[in-house]
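Report on the structure
Each chain, letter by letter, is given below.
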Amino acid sequence: MHADEVQPTRLLLDRFIADAGRAVALEAVWAHGSLALGDYQPGRSDLDLVALVESPVTETQRRQLVLLHRTLIADVPPAAKLHCSYVVRSQLPDVSRDHVTWAQGRLFERPVTAVSRRELSTGGLSLFGPEPAGLVAEVSDQELAEFIRGDLKDYWYPASAKPTRWLRDIWVDLGLLTLARASVTLRDGRLITKGQALEVLAELGAPAEVVGDIHRRRYGTDPRRASLRWRIRRGRLARTFVRAGIERTLSQRSES
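This structure is a prediction, so every number in the text was calculated from the model and none was measured. (Residues numbered from 1 in each chain as written. Predicted model: local features only at pLDDT ≥ 70, side-chain atom pairs only at ≥ 80, totals over all residues. Heavy atoms only, no water.)

With respect to the overall build of the protein chain
For the record, the criterion: Strands are runs of DSSP state E lasting at least two residues, helices are runs of H or I lasting at least four, and both sets are numbered from the N terminus onward. What the globule rule says is 2.2 Å times the number of residues to the power 0.38, and the radius of gyration is computed from C-alpha atoms. Relative accessibility decides the category of a residue: with a 1.4 Å probe and only protein chains considered, values under 20% of the type maximum give buried, values over 50% give exposed, and everything between is partly exposed. To be clear on the numbers: accessible area is Shrake-Rupley with a 1.4 Å probe, and residue cover counts the displayed protein chains and nothing else.
Across its full length, the protein chain holds nine helices and six strands. Expected size for 256 residues packed as a compact globule is a radius of gyration near 18 Å; at 19 Å, the protein chain falls within 12% of this value. Here the C-alpha coordinates of the protein chain stretch approximately 50 × 45 × 35 Å along the principal axes. Per-residue burial over the protein chain gives 45% buried out of 256 residues. Put simply, the protein chain shows about 13300 Å² of open surface, and 52% of that area lies on carbon and sulfur atoms.

Structural notes on helix H5 (residues 141-159)
Rule in force here: Here a helix's expected span is defined as the number of its residues, less one, multiplied by 1.5 Å. Two axes enter the definition of the bend at a residue: one is fitted to the seven residues ending there, the other to the seven starting there, and the bend is the angle between them.
With 19 residues, H5 should cover 27 Å at 1.5 Å per step; its first-to-last C-alpha distance of 26 Å lies within 8% of that length. Of all the bends in H5, the largest measures some 35° and sits at leucine 152. Of the residues making up H5, those classed as buried are Leu144, Ala145, Ile148, Arg149, Leu152, Trp156 and Ala159.

Quick look at the packing of aromatic side chains
Filter applied, for reference: Two aromatic rings from Phe, Tyr or Trp, using only the six-membered ring of Trp, form a pair when their centres are within 6.5 Å; if the ring planes differ by under 30 degrees the pair is stacked, by over 60 it is edge-to-face, and anything between is tilted. Counted as over-ring charges are cases with an Arg CZ or a Lys NZ within 6 Å of the ring centre that also lie within 35 degrees of the ring normal.
Taken as a whole, this structure holds five aromatic pairs when the rule is applied. Judged by centre distance (5.5 Å) and plane angle (70°), the ring pair of tryptophan 156 and tryptophan 171 falls under edge-to-face. Here tryptophan 156, found in helix H5, pairs with tryptophan 171, found in helix H6 (residues 169-188); they are 15 residues apart in sequence, far enough to count as distant. Judged by its relative accessible area of 7%, tryptophan 156 falls in the buried class. Residue classification places tryptophan 171 among the buried positions, given a relative accessible area of 12%. Taking 6.1 Å as the distance between ring centres and 50° as the angle between the ring planes, the aromatic pair formed by tryptophan 166 and tryptophan 171 counts as tilted. What makes tryptophan 166 buried here is its relative accessible area of 0%. Through a chain of ring-to-ring contacts, three or more aromatic side chains come together here, namely Tyr155, Trp156, Trp166 and Trp171. Geometry around tyrosine 157 places arginine 243 over its ring, the cationic atom sitting 4.0 Å from the centre.

A few points about the sheet that holds strand E3 (residues 82-88)
Test applied: By definition, two strands form a pair when at least two bridges between them are found by DSSP. Throughout, an axis means a line fitted to C-alpha atoms (over the contacting stretch in the case of helices), and angles, computed between N-to-C directions, take values from 0 to 180 degrees. Residues are treated as being in contact if the distance between any of their heavy atoms lies within 4.5 Å.
One open sheet accounts for six strands, arranged E5-E4-E3-E2-E1-E6; its pairing is mixed. Of all strands in the sheet, those with a lone pairing partner are strand E5 (106-110) and strand E6 (125-128), marking the two edges. For this sheet, the mean inter-axis angle between neighbouring strands, taken without regard to orientation, is 25°. When strand E2 (residues 47-53) meets E3, the two strands line up parallel, connected through seven bridges. The residue of E3 that forms the bridge with leucine 49 is cysteine 84. Against the sheet, helix H3 (residues 59-75) contacts E3, strand E4 (99-103) and E5, and its axis sits at roughly 20° relative to E4. Each of strand E1 (26-32), E2, E4 and E6 touches helix H4 (residues 114-123); the most contacted strand, E1, lies at about 100° to it.

A look at the packing of H6 against helix H8 (residues 208-219)
Counted only if it meets this: What sets the label is the angle itself: under 35 degrees gives roughly parallel, over 145 gives roughly antiparallel, 65 to 115 gives roughly perpendicular, and the rest give oblique. Rotating anticlockwise by less than a right angle from the far helix to the near helix defines a left-handed crossing, while the corresponding clockwise rotation defines a right-handed one.
Between H6 and H8, the shortest axis-to-axis distance is 11 Å and the interhelical angle comes to 110°. Considering the angle they form, H6 stands roughly perpendicular to H8. For H6 against H8, the interelement crossing comes out left-handed. Contacts between H6 and H8 involve Asp169, Val172, Asp173, Leu176 and Leu177 from the former and Val210, Ile214 and Arg217 from the latter.

Describing H3
Rules: By construction, the arc corresponds to the directions joining the helix axis to the C-beta atoms.
Spanning 17 residues, H3 covers 24 Å between terminal C-alpha atoms, matching the ideal 24 Å at 1.5 Å per step. For H3, the complete set of buried residues consists of Gln61, Arg62, Leu65, Val66, Leu68, His69 and Leu72. Seen from one end, H3 has its buried residues packed into an arc of 160°, which puts them on one side. Among the exposed residues of H3, those oriented more than 90 degrees off its buried face are Glu59, Arg63, Leu67, Arg70 and Ala74.

A closer look at the nonpolar core
Note the cut-off: For the purposes of this section, nonpolar cores are sets of buried Ala, Val, Leu, Ile, Met, Phe, Trp, Tyr and Cys residues that join through side-chain atoms within 4.5 Å.
Counting 31 residues, the largest nonpolar core has Trp166, Leu176, Leu201, Val210, Ile214 and Phe241 as the members making the most contacts within it. Listed by contribution, the elements that provide at least two residues to this core are H5, H6, helix H7 (194-203), H8 and helix H9 (228-255). When residues of this core are assigned to their parent elements, the largest contribution, eight residues, is made by H6. Aside from chain neighbours lying at most four places away, what touches valine 210 is Val172, Leu176, Trp230, Arg234, Leu237 and Ala238. Ranked by size, the runner-up nonpolar core spans 27 residues in total, among them Phe16, Val29, Val53 and Ala79.

In short, shape yes, function no, at least from these values alone.
Okay, structure coming up:
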């Protein structure tokens, strides 16, 4: 990020940490995803956080967290892209456990995925409290691969059969970038950024016009909304590529 882009993000994070600390007993706040990997794009990338807390979140605290996030979004609109899982320290080793999470404008429960845990254990960024390395158990290559294959098979493959979803930017972006990142991780165990995934997409034979579209929206300065005609064509190209790519990726394992 440029220097003039760092300050607003830092101020947002500082306010979030202060506000969250008044709602729950914070021990640490960690960043993973694009912020930790050095590919954060202000206003475009999500802020993926994990808050380590001392004790389970109560019903009263849940209501406080909802109010906290909604107020933060109202005051600082970029906070809409701030997602956070509130993980009880004693429950951190349990990889299957669901944790209270704020994401996409609502509070619900979900686990901290193997990908997120690998990011935290190998390069997570501490925004408050101790570093995640040493506290977050390392994820083996096999565990990581099993999670990625399951995500492709159970989530992304069925999604590729639903055309209307792919009219939206987020499905096109995440679908292609997830496939590219998955292909690299399954091949050699590395996690790559979304920016690096764009380069991999070209190697995988992704439609150049769709890759260019993603690059412009993530890194360019053109704010124009795509026409419906282009979104229909883009969606068809994207989901066809993703569907075939998943089939190829999953069949490679069965053949090995």
